[in-house]
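Tertiary structure, described
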Amino acid sequence: MPYEPNFRKALVVLGPELAKPEDALQSVLLQRAIALARHTGCTLELFHVCYDSSYEYNVLGAIAEFDKLRREQIDNEATRVAEIAAWLKKEGVTVEYDVRWDWPRTDAILTKVVESDADVVMKQAREHGYVLGITSNTDWELARRSPVHVWFVNDEVDEINRVVAAVGNKLGDEEDVLDANDVDLMQTAGLIGKSFDADIHPVNACPSPPLPVVSEPSATAPVPVQSAEEREALVKKMAERRAISVRKLAQSSDVPEDNVHVVEGSPAEIIPEVAEKVSADMILLGASTINRLERFLKPVTVEPVMARADCDIFVFRERDASSVPDRARDPQQGLPRYDLTRAITHPRDTFETPAEVAAMDEVSVELRERILQAWEYDIRASMTAEDEGGPVADIDVTVLDDIAAARQLLETRELNADADQRLSA
């Protein structure tokens with residue numbers, strides 16, 4: 001089946017800090033995801049893994065209590081993520097969400113990728129300062145093992161204006177380019193470029209080819225002697241062939257020739273250098289599935305680029321579920337306490353009292369204020385309709401006092417939270 005550069009679903013992985021609505025809605029990660037969804041029409045699925053090891057080591061006789069605490073935590077987390085999904089729906093984005101109690105986190109994400117049939121995983125990038133090939137963390141594990149593309153979002157990069165696409169690092173001749181994944185990678189770069197109105201800069205970085213062994217002819221192993229000029233001409237010829245191939249590939253994607261960079265050298269060094277030179281906001285490069293042992297046995301590019309680059313990293317992968325672990329445990333899924341989308345439009349059908357709204361600490365103060373406001377408008381609209389001769393409604397006007405009290409409670413809590421924050425600072 002030919003590759004189609006399109007995204008039907010993006011799995012957006014929320015870390016512990018981004019699972020809070022007030023943090024997530026301002027995050028660069030979600031802004032990237034929204035922009036991608038608006039251009040491609042893809043579905044966003046928010047995914048959050050929560051876990052607390054203290055709930056796993058149950059003491060004798062307290063199993064039920066630990067299960068209850070775990071259930072409360074995961075449902076609270078699910079309610080938080082449900083609020084984020086509700087806000088995204090208001091932005092016109094098709095969104096789903098899933099919250100799970102699971103561990104290890106990387107395996108949970110990999111399993112979810114296959115279950116959701118996502119085309120790309122979007123995740124906030126972590127700071128890197130690791131020993132290449134040895135240290136384990138979620139970002140590098142996903143780069144090695146993800147069955148689909150992975151987009152690591154750098155929250156210090158505001159906009160995507162220039163994309164470096166690393167292509168043809170193992171080119172031999174023109175046919176190799178057209179038959180390799182570089183064509184698919186360039187198409188994906190073009191889709192991202194259109195989504196963010198960004199310029200594409202194809203980069204081909206390839207070490208100089210090994211030169212023939214030079215020695216004097218002998219009776220046992222005659223080897224022709226090559227002059228320095230002949231060897232230099234050979235290197236130049238191979239570089240020209242690569243340049244022609246990369247330029248043709250760029251031309252097929254409507255990329256200006258001035259944006260093409262063909263440089264001799266190690267891809268792990270040249271790609272970050274070119275990205276810095278053109279002030280790239282994203283580096284897009286391919287990767288193969290490898291384990292830690294293979295990291296020492298053959299050269300790789302993704303890890304050193306991730307360690308050096310100060311921009312988004314998009315790891316292009318052929319879909320391959322073989323790297324997803326077999327897992328025996330079934331993760332526990334969180335259930336939001338309320339249908340928050342309906343709560344905004346039908347608060348009286350969702351809550352018993354306004355005080356219940358004020359007590360929803362797992363969602364933002366802004367959402368609680370909006371629900372209380374909608375509740376007040378609902379009551380006053382019913383009163384106005386009755387005054388104008390409309391149907392008599394079952395209106396409890398004392399609820400207006402309860403709404404005012406709930407708002408006062410929210411304001412007090414917010415002031416106390418601000419004071420605590422200033423003291424801790």
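Small disclaimer: the values here were computed from a predicted structure and weren't measured.

This paragraph deals with a negative patch on the surface. Residues Glu 17, Glu 22, Asp 23, Asp 155, Glu 156, Glu 269, Glu 273, Glu 276 and Asp 310 make up a contiguous surface patch of negative charge. Where the negative patch is concerned, the elements lending two or more residues are α1 (21–24) and α9 (267–277). For the negative patch, the element with the most residues is α9, which contributes three residues. Turning to its location among the elements, Asp 310 is positioned in the loop between α11 (302–308) and β10 (312–316).

What follows concerns helix α4 (residues 105–116). Each α-helix winds once per 3.6 residues, and so residues spaced three or four apart point in a common direction. Between its first and last C-alpha, α4 extends 16 Å over twelve residues, near the 16 Å set by a 1.5 Å rise per residue. Listing the buried residues of α4 in full gives Arg 105, Thr 106, Asp 107, Ala 108, Ile 109, Leu 110, Thr 111, Lys 112, Val 113 and Ser 116. Buried residues in α4 make contact with β1 (9–14), β2 (43–50), β3 (95–101), β4 (120–124) and α5 (138–145). Count one or two residues on from α4 and you reach Asp 117, which has phi positive near 55 degrees.

Averaged over all residues, the pLDDT of the protein is 81; the fraction at 70 or higher stands at 76%. This stretch, residues 171–175, has a pLDDT under 50; its non-local contacts, to residues over four places away or in other chains, come to twelve contacts. A low-confidence stretch, residues 289–299 (pLDDT under 50), is modelled with 20 contacts involving residues beyond four sequence positions or located in other chains.

The interhelical angle for the contact between α4 and α5, taken along N-to-C directions, is 40 degrees, at an axis separation of 10 Å. When the axis of α4 is compared with that of α5, the two are oblique. By crossing handedness, the relation of α4 to α5 is classed as right-handed. Taken together, the residues of α5 that come into contact with α4 (itself represented by Arg 105, Thr 106, Asp 107, Ile 109 and Leu 110) are Thr 138, Glu 141, Leu 142 and Arg 145. Broken down by class, the residue content of the contact of α4 with α5 amounts to three nonpolar, two polar and four charged.

With that settled, the discussion passes to the side chain of Thr 138. For Thr 138, the location among the structural elements is in helix α5. A relative accessible area of 11% places Thr 138 in the buried class. Beyond its immediate chain neighbours, meaning those up to four positions away, Thr 138 contacts Arg 105, Thr 106, Ile 109, Lys 123 and Arg 126.

Overall, the coordinates contain six aromatic pairs when judged by the stated rule. Aromatic side chains Phe 7 and Phe 314 sit 6.4 Å apart centroid to centroid with 35 degrees between the ring planes, which places their arrangement in the tilted category. Highlighted residues: Phe 7 in the segment before β1 and Phe 314 in strand β10, separated in sequence by 307 residues. Take Phe 7: its relative accessible area is 2%, and that puts it in the buried class. On the numbers, 5.8 Å between centres and 75 degrees between planes, the contact of Trp 151 with Phe 196 is edge-to-face. Of the two residues, Trp 151 is situated in strand β5 (residues 149–153) and Phe 196 in helix α7 (residues 182–196); the sequence distance between them amounts to 45 residues. A relative accessible area of 0% places Trp 151 in the buried class. Judged by its relative accessible area of 16%, Phe 196 falls in the buried class. Aromatic rings pair up to connect Phe 7, Trp 151, Phe 196 and Phe 314 into one cluster.

With that out of the way, let us pick up the nonpolar core. Leu 46 and Trp 151 are the most contacted members of the largest nonpolar core, which has 55 residues in total. Excluding residues within four positions of it along the chain, Leu 46 makes contact with Val 12, Leu 14, Leu 30, Val 81, Ile 84, Ala 85, Leu 88, Val 95, Glu 96, Tyr 97 and Asp 98. Of all hydrophobic cores here, the second largest spans 36 residues; its members include Leu 142, Ile 270, Ala 309 and Ile 313.

Let us look at the packing of helix α2 (residues 28–40) against α7. As a packed pair, α2 and α7 sit with axes 9 Å apart at the nearest point and diverge in direction by 100 degrees. Here α7 runs roughly perpendicular to α2, going by the angle between their axes. Residues Arg 32, Ala 35, Leu 36, His 39 and Thr 40 of α2 form the contact with α7, whose own contacting residues are Leu 191, Lys 194, Ser 195 and Phe 196. Per-class residue counts for the contact of α2 with α7 are four nonpolar, three polar and two charged.

The next point concerns the environment of Glu 91. Tracing the chain through its elements places Glu 91 in the loop between α3 (63–90) and β3. With 57 residues separating them along the chain, Glu 91 and Ile 34 place their C-alpha atoms 8.3 Å apart.

In this structure, Pro 104 follows Trp 103 across a cis peptide bond, with omega equal to 0 degrees. Even without glycine at this site, Asp 197 takes up a positive phi of about 55 degrees. Here Asp 197 lies in the loop between α7 and β7 (199–206). For Asp 197, a relative accessible area of 69% gives the class exposed. In this model, Ser 279 sits at a positive phi of 55 degrees, which is unusual for a non-glycine residue. Looking at the element boundaries, Ser 279 is found in the loop between α9 and β9 (282–286). Residue Ser 279 is classed as partly exposed on the basis of its relative accessible area, which comes to 42%.

Reading the values: the criteria
- Residues numbered from 1 in each chain as written.
- Predicted model: local features only at pLDDT ≥ 70, side-chain atom pairs only at ≥ 80, totals over all residues.
- Heavy atoms only, no water.
- Patch = residues over 30% accessible without salt bridge, like charges linked within 9 Å, V, L, I, M, F, W, Y side chains within 5 Å.
- Areas by Shrake-Rupley, 256 points an atom, 1.4 Å probe, with all protein chains shown as cover.
- Salt bridge = Lys/Arg side-chain N within 4 Å of Asp/Glu carboxyl O.
- Lys, Arg positive; Asp, Glu negative; His and termini not counted.
- Charge placed at Lys NZ, Arg CZ, Asp CG, Glu CD.
- Helix = DSSP H or I, 4+ residues; strand = E, 2+ residues; numbered from the N terminus.
- Expected span 1.5 Å × (residues − 1).
- Buried < 20%, exposed > 50% of the residue type's maximum accessible area, 1.4 Å probe, protein only.
- Contact = heavy atoms within 4.5 Å.
- pLDDT = per-residue confidence, 0-100.
- Axes fitted to C-alpha atoms, helices over the stretch in contact; angles between N-to-C directions.
- Parallel < 35°, antiparallel > 145°, perpendicular 65-115°, else oblique.
- Left-handed = near helix turned anticlockwise from the far one by under 90°.
- Nonpolar A, V, L, I, M, F, W, Y, C, P; charged D, E, K, R; others polar.
- Phe/Tyr/Trp six-rings, centres within 6.5 Å; stacked < 30°, edge-to-face > 60°.
- Core = buried A, V, L, I, M, F, W, Y, C linked by side-chain atoms within 4.5 Å.

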